[in-house]
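The chain contents come next:
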Amino acid sequence: MLVSGGLDSATVLAIARAEGRRCHTLTFDYGQRHRVELRAAGRVAGQVGAASHRVLGLDLSLYTGSALTGDVEVPKDRGQDEIEGGIPVTYVPARNLVFLSIAAGYAETVGACEIWIGVNAIDYSGYPDCRPEFIESFERTLNLATKAGVESSAGSGSGSGGGHFRVRTPLAELTKAEIIGRGTALGVDYALTSSCYDPADGAAGGLACGRCDSCLIRRAGFDAAGVPDPTRYAPASI
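Residues numbered from 1 in each chain as written. Predicted model: local features only at pLDDT ≥ 70, side-chain atom pairs only at ≥ 80, totals over all residues. Heavy atoms only, no water.

Asks: Break down the overall build of the protein for me, with residues and values.
Replies: Tallying secondary structure elements over the protein gives eight helices and four strands in all. Helices and strands appear in the protein in the N-to-C order α-β-α-β-α-α-β-α-α-β-α-α. What you see for the protein is a C-alpha radius of gyration of 18 Å, in line with the 18 Å of a compact globule of 238 residues. Restricting to contacts in the protein with at least 6 residues of sequence separation, those with at least 24 account for 70%. For the protein, the separation between the mean place of its 22 positive charges and that of its 27 negative charges on side chains is 6 Å. (Helix = DSSP H or I, 4+ residues; strand = E, 2+ residues; numbered from the N terminus. Rg over C-alpha atoms; globule rule 2.2 N^0.38 Å. Contact = heavy atoms within 4.5 Å. Lys, Arg positive; Asp, Glu negative; His and termini not counted. Charge placed at Lys NZ, Arg CZ, Asp CG, Glu CD.)

Asks: I'd like a rundown of the pattern of salt bridges, residues and numbers included.
Replies: Side chains that differ in charge, positive against negative, can pair when their charged atoms come close. Under the criterion given, the structure shown has 11 salt bridges. Between Arg 168 and Glu 114 there is a salt bridge whose closest N-O contact spans 3.5 Å. Remark: Glu 114 occurs in strand E3 (residues 114–116) and Arg 168 occurs in strand E4 (residues 166–168); sequence separation between them is 54 residues. As far as burial versus exposure is concerned, Arg 168 and Glu 114 are alike and both buried. (Salt bridge = Lys/Arg side-chain N within 4 Å of Asp/Glu carboxyl O. Buried < 20%, exposed > 50% of the residue type's maximum accessible area, 1.4 Å probe, protein only.)

Asks: Provide a residue-level description of helix H4 (residues 95–110), including the pertinent values.
Replies: Given a rise of 1.5 Å per residue, 16 residues ought to cover 22 Å, and the 23 Å separating the end C-alpha atoms of H4 matches this to within 8%. In this fold, the buried residues of H4 make contact with strand E1 (24–29), strand E2 (52–57), E3 and helix H5 (132–145). Positioned one or two residues after H4, Gly 111 has a phi angle of 80 degrees, which is positive. (Expected span 1.5 Å × (residues − 1).)

What follows is the structure in structure tokens.
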């Protein structure tokens, strides 16, 4: 279970637990400016009831040009058309590809056959590695590239890579409001989560800026869901 500390991954974790899954949560410290999410991930894992929680450090310093890992300014106050207008500068090259690949090795290590991730094809801000086409392709690759996948294929007599592993994306076709409604029904405490790309004093756990794409999408989702927004915003954004 990939848990970033944000709203979506908290909801995915709650859905998995509601389905009776025993969840090993994995969070990546990849030098992101919004490091407040690392502590949020631990809070979420504890509240929802993960069997274990690991934070893995990754050096992505080779991946330059992203506003989340470098000195590039995080876009603020963009309208819906701008947000949906293309791949934003907050894109981190191949991030989900890297994260899922590491999660696949971890899944084999702990004997898991499912990887859960909170990607969304509707309110996804233009990231190519959140699309269903990518997830389907990765699942096929995962079953071709792992011992568990190959042995499953051999045992079934299939040469297509088998089906030992599944990549679960329960939020893929939901709006942000629907995600919030689902999580609220499952008892997720969204006050524990953090979605902001540029929080005040981000390394120390500051207030949400309320103006980046992620904050705007999050706030609009709570409004549309009719659920009070528990986010702690910086005063200038309220």
